[in-house]
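# A look at the structure
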Amino acid sequence: MTDQRRVAVVTGAARGIGAATAARLAADGVAVAVADLDEQACRATAESISAAGGVAIPLACDVTDEAAVDTAFDRVAADLGSLDILVNNAGVLRDNLLFKMSAADWDTVMSVHLRGAFLCCRAAQRHMVARRSGAIVNTSSVSALGTRGQANYSAAKMGIQGLTRTLAIELGPFGINVNAVAPGFIVTEMTASTAARVGVTPEELQAKTAAVTPVRRVGLPADIANAVAFLSSEKSSFITGQTIYVDGGRRL
Ligand code: NAD
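Keep in mind it's a predicted model, so treat the numbers as computed, not measured.

Rules used throughout
- Residues numbered from 1 in each chain as written.
- Predicted model: local features only at pLDDT ≥ 70, side-chain atom pairs only at ≥ 80, totals over all residues.
- Heavy atoms only, no water.
- Salt bridge = Lys/Arg side-chain N within 4 Å of Asp/Glu carboxyl O.
- Helix = DSSP H or I, 4+ residues; strand = E, 2+ residues; numbered from the N terminus.
- Buried < 20%, exposed > 50% of the residue type's maximum accessible area, 1.4 Å probe, protein only.
- Near = heavy atom within 4 Å.
- Polar contact = N/O pair within 3.5 Å; in protein donor to acceptor, adjacent residues only side chain to side chain.
- Areas by Shrake-Rupley, 256 points an atom, 1.4 Å probe, with all protein chains shown as cover.
- Nonpolar A, V, L, I, M, F, W, Y, C, P; charged D, E, K, R; others polar.
- Axes fitted to C-alpha atoms, helices over the stretch in contact; angles between N-to-C directions.
- Parallel < 35°, antiparallel > 145°, perpendicular 65-115°, else oblique.
- Left-handed = near helix turned anticlockwise from the far one by under 90°.
- Contact = heavy atoms within 4.5 Å.
- Pairing = 2+ DSSP bridges.
- Right-handed = clockwise from strand over helix to strand, strands pointing away.
- Expected span 1.5 Å × (residues − 1).
- Core = buried A, V, L, I, M, F, W, Y, C linked by side-chain atoms within 4.5 Å.

### Digging into the pattern of salt bridges
One pass over the structure, following the stated rule, counts 11 salt bridges. Notably, a salt bridge pairs R126 with D74, separated by 3.0 Å at the nearest N-O pair. A residue pair is termed long-range when its members are at least 10 positions apart, and R126 in helix α4 (residues 103–131) and D74 in helix α3 (residues 66–80) qualify at 52 residues. Classification of R126 as partly exposed rests on a relative accessible area of 37%. The closest approach of N and O atoms between R75 and D79, which form a salt bridge, is 3.2 Å.

Okay, structure coming up:
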């Protein structure tokens, strides 16, 4: 590890798992660009990291917008000095059973998760290859293994695993490790929206899920942030192309 402060972009970092990951990396001494759809959404997260003594900037970036991604990543490298870590975390749900799923909902999920991760990886590697160093952590899900009502999301999240393995092969020779985390049930606005969709409270869904999870609890954003921190540190430099399930032992 060099003495110079490493620099990370965390996408979808205004809230939930991304916000916790940004805070955890900042606590580890990493300068973090808190990227989300608009700068206003990122500002509170960036400010709370700064208030805790970390270095963070808000970064407006729709990960599906090719030009916006390239511009945002160049800005991070210019403003913070480098780009060492990319955490592809931005995500959306558009759940429905296949016969009711619109093509638009299929496309939206594919676009945010897969096109978004592709565009961000491509933009980040330009800076990382030049320095022969970097770490990319993508976000899959236990849903990659198949979940009723999530044909779009499941396909995208398994696609993330293929992207991760392929980029590990392509970027490894340049000192860049590419891995994925696959969260189980994590308490965020995303899982609260799932509870609303199936007609129960978030607490009811959490209790039901905890009961069928071997460690008998649901996950918190910090559980994923801890795994991402490890996979983006030098401690994991011989690990690449892997998807680590962080799910309390539960497979759907
Ligand atoms: P969340 O809904 O709380 O936060 C997602 C963030 O992504 C939001 O701030 C949103 O504005 C942002 N976002 C959406 N579209 C974007 C775009 N086009 N460009 C930039 N930002 C965009 O979700 P979360 O629960 O924190 O999930 C984070 C990631 O973890 C997602 O990829 C999700 O699929 C994955 N995941 C979550 C769970 C879970 O149980 N919460 C489980 C498995 C995987």
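Now that the structure is up, let's keep going.
### Some points on the site of the ligand
Inspection of the region around the ligand gives 28 residues, with R15, D36, N89, Y153 and T188 positioned closest. In the model, a nitrogen atom of the ligand is placed 3.0 Å from a nitrogen or oxygen of the V63 main chain. Between G184 and the ligand, the recorded distance is 3.3 Å, taken from a backbone N or O atom to an oxygen atom. Bound to the protein, the ligand loses 92% of the 840 Å² it would expose on its own. Secondary structure elements with two or more residues in the shell around the ligand: α1 (16–27), α4, α5 (151–171) and α6 (189–198). The greatest single-element share of the shell around the ligand, amounting to 3 residues, is contributed by α6. For the shell around the ligand, the class distribution of residues is 12 nonpolar, 11 polar and 5 charged.

### Some words on the packing of α1 against helix α8 (residues 221–231)
Each packed pair of helices is defined by two parameters, the angle between the axes and the distance between the axes. Taken N-terminus to C-terminus, the directions of α1 and α8 make an angle of 50 degrees; their axes are 8 Å apart at the nearest point. Relative to α8, the element α1 lies oblique. Relative to α8, the crossing made by α1 is right-handed. Along its contact with α1, which presents G16, I17, A20, T21, R24 and L25, the element α8 presents P221, A222, I224, A225, N226, V228 and A229. Looking at side-chain class alone, the contact of α1 with α8 contains 9 nonpolar, 3 polar and 1 charged residues.

### Looking at the pairing of strand β6 (residues 176–183)
Taking burial as the measure, the 8 residues of β6 include 8 buried ones, the bulk of the element. Alternating positions in β6 separate into two faces, I176, V178, A180 and A182 on one and N177, N179, V181 and P183 on the other, with burial throughout. Examined bridge by bridge, strand β5 (residues 134–139) and β6 share 6 bridges and lie parallel to one another. By the bridge assignment for β6, A135 is matched with N177. Handedness of the crossover joining β5 and β6 through α5: right-handed. The pairing of β6 with strand β7 (residues 243–246) spans 4 bridges and is classified as parallel. Bridging from a neighbouring strand, P183 pairs with V246 of β7.

### Digging into α1
Spanning 12 residues, α1 covers 17 Å between terminal C-alpha atoms, matching the ideal 16 Å at 1.5 Å per step. What α1 keeps buried is the set I17, G18, A19, A20, T21, A22, L25 and A26. On its buried face, α1 sits against β1 (7–11), β2 (31–36), α2 (39–51), β4 (85–88), β6 and α8.

### A few points about the nonpolar core
Across soluble globular proteins, nonpolar side chains have a tendency to be buried as a group. One finds V9, F73, L86 and I136 to be the most contacted residues of the largest nonpolar core, which totals 33 residues. The set of elements that each furnish at least two residues to this core consists of β1, β2, β3 (56–60), α3, α4, α5 and β6. Contacts of V9, omitting those with residues within four sequence positions, involve A33, A35, F73, V76, L83, I85, L86 and V87. By size, the runner-up hydrophobic cluster in this structure holds 25 residues, among which are L25, A56, I224 and V246.

### Here's the deal with unusual backbone geometry
Its identity is not glycine, yet R132 carries a phi of approximately 55 degrees, on the positive side. Within the secondary structure, R132 sits in the loop between α4 and β5. Phi is positive for R216, which is not a glycine, with a value near 60 degrees. Tracing the chain through its elements places R216 in the loop between α7 (202–211) and α8.

### Some details on the pairing of β1
Regular strands have side chains that alternate between both faces of the sheet. For β1, the tally of buried residues reaches 5 of 5 residues, placing the bulk of the element in the interior. Of the two faces of β1, the one carrying V7, V9 and T11 and the one carrying A8 and V10 are both buried. Direction of pairing for β1 relative to β2: parallel, over a ladder of 5 bridges. Each bridged residue has a counterpart across the sheet, and for V9 the counterpart in β2 is A33.

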